[in-house]
Amino acid sequence: MKNVKRIAVALVLFVAATGFVNAQSKVAHINVQQLLSDMPEMKAAQAELKKLQETYRADIQSSMTELQNKYTQYQNEATSKTREENEQRAVELQGFEKNIQEAEQAAMQEMQKKQQELFAPISDKAKAAIEKVAAAQGFDYVIDASPGLSLIVAKGKDLLPEVKQELGF
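Residues numbered from 1 in each chain as written. Predicted model: local features only at pLDDT ≥ 70, side-chain atom pairs only at ≥ 80, totals over all residues. Heavy atoms only, no water.

### Brief notes about the pattern of salt bridges
All chains considered together, the criterion is met by 10 salt bridges. The salt bridge partner of Lys164 is Asp38, with a shortest N-O separation of 2.7 Å. In this pair, Lys164 is assigned in helix H5 (residues 160–167) and Asp38 in helix H2 (residues 32–38), connecting sequence segments 126 residues apart. Where Glu77 meets Arg89, a salt bridge forms, and the shortest distance between an N and an O atom there is 2.8 Å. Here the residue Glu77 occupies a position in helix H3 (residues 40–77), and Arg89 occupies one in helix H4 (residues 83–136), the gap between them amounting to 12 residues. In this structure Arg89 comes out as buried when scored by relative accessible area, which is 15%. (Salt bridge = Lys/Arg side-chain N within 4 Å of Asp/Glu carboxyl O. Helix = DSSP H or I, 4+ residues; strand = E, 2+ residues; numbered from the N terminus. Buried < 20%, exposed > 50% of the residue type's maximum accessible area, 1.4 Å probe, protein only.)

In structure tokens:
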């Protein structure tokens, strides 16, 4: 009878212990920033954004040069013009300067819009690959290990190599 009790208690403890082990979640980590920066699509998107930024910068710089030239011209001619003409020219220069500022703001908004447009599908693709690799390896949670995101210890499985392989690079 004593042996049966011991076996029963041992069996209960064994079942409880295995149930506890099975209840624990598997956790992995990945540096999403590194993954995204290594993706060929991201490099192409960044190159496209840089080209667009240079185009906007050149346009705005051209407008600034034109404004500076008009300002210099108007200053040189100020003594030969009437007060009303000089005031009208000052208003014209202020309007031109305002237009340049508005163009700069519009360019920044377009850049942000284009960035979101280009990066969203890349981010979705990376997320899908992470989910696929995590599911295939039985992980319940994947924590972003990018710098500055409060992951302090990363002793678990790093999925970066497998996700890169899944994405084909």
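### Here we look at the layout of surface pockets
If you add up the space inside the largest pocket, you get close to 150 Å³. Residue lining of the largest pocket: Gln53, Tyr56, Arg57, Ile60, Glu104, Ala107, Met108 and Met111, and that is the complete set. Looking at the lining of the largest pocket, the elements that each hand over two or more residues are H3 and H4. Its residues assigned to classes, the lining of the largest pocket comprises five nonpolar, one polar and two charged. (1 Å grid on protein atoms, 1.4 Å probe; cavity = no way out; pocket = protein on both sides within 12 Å on 5 of 7 lines; lining within 4 Å. Points joined across faces, edges and corners; volume = space filled by probe spheres on them. Nonpolar A, V, L, I, M, F, W, Y, C, P; charged D, E, K, R; others polar.)

### Thoughts on H3
With 38 residues, H3 should cover 56 Å at 1.5 Å per step; its first-to-last C-alpha distance of 56 Å lies within 8% of that length. Considered for burial, the residues of H3 that qualify are Met42, Ala45, Leu49, Ile60, Leu67 and Tyr74. Looking at the packing, one finds that the buried side of H3 touches H2 and H4. (Expected span 1.5 Å × (residues − 1). Contact = heavy atoms within 4.5 Å.)

### Observations regarding the nonpolar core
Residues Ile30, Leu35, Met39, Leu159 and Val163 are the most contacted members of the largest nonpolar core, which totals 22 residues. Elements with a minimum of two residues in this core: strand E1 (27–30), H2, H3, H4 and H5. In terms of residue count, the dominant contributor to this core is H4 (nine residues). Residues contacting Val163, with those up to four places away along its chain left out, are Ile30, Leu35, Ala129, Ile130 and Val133. Counting six residues, the second-largest nonpolar core is a separate cluster that includes Ile60, Leu67, Leu93 and Ala107. (Core = buried A, V, L, I, M, F, W, Y, C linked by side-chain atoms within 4.5 Å.)

### Things to note about the sheet that holds E1
Strand order in the open sheet made by the three strands is E2-E1-E3, with parallel pairing throughout. This sheet does not close on itself; its edge strands, each paired only once, are strand E2 (141–144) and strand E3 (157–158). Note: E1 against E3, two bridges, orientation parallel. Within E3, the position partnered with Ala28 by the bridge is Lys157. (Pairing = 2+ DSSP bridges.)

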